[in-house]
Amino acid sequence: MPDAIPSVTIVEVSPRDGLQNHPRDISTAAKIGFIDALSAAGPRVIETTSFVNPKAVPKMADAAEVMAGIERHPGVRYMVLVPNVRGLERALAAGVDAIGLFAAATEEFSRANLNASIDETFVRFAETAQLAKANDVWVRGYISVAFHCPYSGVVAPERVLPVLERLVELGCDEFSLADTTGHATPGDVTALVTTALDVAPVERLGLHLHDTRGMAIDNVAAGYDAGIKIFDGSSGGIGGCPFSPGAPGNVSTESVVDFFERQGIATGIDSGAVRLAHDTWIA
Ligand code: MG
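Residues numbered from 1 in each chain as written. Predicted model: local features only at pLDDT ≥ 70, side-chain atom pairs only at ≥ 80, totals over all residues. Heavy atoms only, no water.

Engineer: Help me understand the overall build of the chain, please; the structure alone is not making it clear to me.
Structural biologist: Secondary structure assignment for the chain yields 11 helices and 10 strands. In terms of C-alpha radius of gyration, the chain reaches 17 Å, essentially the compact-globule figure of 19 Å for 283 residues. Dimensions along the principal axes, computed over C-alpha positions, put the chain at roughly 45 × 40 × 35 Å. Buried residues in the chain amount to 54% of all 283 residues. In the chain, the proportion of contacts linking residues at least 24 apart, taken out of those at least 6 apart, comes to 75%. Working note: accessible area of the chain is about 11200 Å², and carbon and sulfur atoms make up 52% of it. Charged side chains in the chain number 21 positive and 35 negative. The centres of these two groups are separated by 5 Å. (Helix = DSSP H or I, 4+ residues; strand = E, 2+ residues; numbered from the N terminus. Rg over C-alpha atoms; globule rule 2.2 N^0.38 Å. Buried < 20%, exposed > 50% of the residue type's maximum accessible area, 1.4 Å probe, protein only. Contact = heavy atoms within 4.5 Å. Areas by Shrake-Rupley, 256 points an atom, 1.4 Å probe, with all protein chains shown as cover. Lys, Arg positive; Asp, Glu negative; His and termini not counted. Charge placed at Lys NZ, Arg CZ, Asp CG, Glu CD.)

Right, here's the structure in full:
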């Protein structure tokens, strides 16, 4: 395992983002083995599961069992997604201490994927964030389609900024800007990060990049050059692009780790161990 003090943080999203739409059904035992193996690879944050409505997302119905079964490594934050207070209550009962809230940058995407307008989602988030803070729960706010929307096309930074400001007002501890369709270019990344840094501190701003068009690592490089030190990655690159069936989605953790480590930038993560975790439990 690399032993230099990490200078970038890679958020491992495969147990949730990767498995939520995985073509195979992964057993609860395999998810637990997978998460335990990932924990040993050195990440500081793992997006572990999702406390969504089990009827809507059957693949995440075992969220409480997964949280109860994993071995929580000291120094690793096991974050889960929650859509609302109901999800947070279930998460709290499972001993969760870090959550993610998903907002969208466009009304079209919000209505299609969250079944609510942006305003309506923030009503839910306000009560959820309030309950989270009352329970000392760490909160990450995501912004989907921060570069391009499958329904409304290119998303300018000026449309993302008000949503980011609302997440800042909620008291989120960290923010992640997502290239959900994988359409961003390095220039787009530079432009959005530069704008976003007007309202969010650089040490709390991250990027969630997809490799749909093979641009993810170039976009990681652009983000890093603009000051970003938090990047999401998915072991084995699992978590396809839902808008381009068969196309790559999440950038692989291994490629992000290797990109940084080759330049002497420590991630704290053993990319071989990440690959092994994926190949052992998921492939
Ligand atoms: Mg993703």
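Engineer: What is the right way to read the coordination of the magnesium ion from this model?
Structural biologist: A metal bound by six donors in octahedral fashion has ideal angles of 90 or 180 degrees, whereas one bound by four tetrahedral donors has an ideal angle of 109.5 degrees. Around the magnesium ion, the protein supplies Asp17 (OD), His208 (NE2), His210 (NE2) and Asn250 (OD1) as donor atoms, at distances of 2.2 to 2.3 Å. Considered as a linear motif, the donors of the magnesium ion on their single chain read D-x190-H-x1-H-x39-N. Taken together, the positions of aspartate 17 in helix α1 (residues 14-20) and histidine 210 in the loop between β9 (205-208) and α9 (216-225) put the pair 193 residues apart, joining distant regions of the chain. Accessibility assignment for this pair places aspartate 17 and histidine 210 in one class, buried. (Donors = N, O, S within 2.8 Å, 3.2 Å for Na, K, Ca; no water.)

Engineer: Would you take a moment to explain unusual backbone geometry for this structure?
Structural biologist: Excluding glycine, most residues fall at negative phi; most peptide bonds, likewise, are trans. With a phi close to 55°, aspartate 136 is a non-glycine residue in the positive phi region. By secondary structure assignment, the location of aspartate 136 is in the loop between α6 (118-134) and β5 (138-144). Backbone geometry at valine 145 places phi at a positive 45°, although glycine is not the residue there. Relative to the helices and strands, valine 145 resides in the loop between β5 and β6 (148-149).

Engineer: Looking at this structure, I do not really get the pattern of salt bridges. What am I missing?
Structural biologist: Evaluation of the coordinates by the stated rule reveals 11 salt bridges. We note a salt bridge from aspartate 62 to lysine 31, for which the minimum N-O separation is 2.8 Å. Note that aspartate 62 is positioned in the loop between β2 (45-50) and α3 (63-69) and lysine 31 in helix α2 (residues 28-39), a separation of 31 residues in sequence. Residue class for aspartate 62 comes out buried when judged on its relative accessible area of 10%. Linking lysine 133 and aspartate 173 is a salt bridge whose minimum nitrogen-to-oxygen distance equals 2.7 Å. Of the two residues, lysine 133 sits in helix α6 while aspartate 173 sits in the loop between α7 (157-170) and β8 (174-178), which places them 40 residues apart along the sequence. By sharing partners, the salt bridges in this structure join Arg16, Asp17 and Glu47 into a single network. (Salt bridge = Lys/Arg side-chain N within 4 Å of Asp/Glu carboxyl O.)

Engineer: What should I look at first to understand the environment of valine 45 in this one?
Structural biologist: Here valine 45 shows up in strand β2. In this structure, the C-alpha to C-alpha distance between valine 45 and glutamate 108, residues 63 residues apart in sequence, is 30 Å. Setting aside chain neighbours within four positions, we find valine 45 in contact with Thr9, Ile10, Val11, Glu12, Arg77 and Met79.

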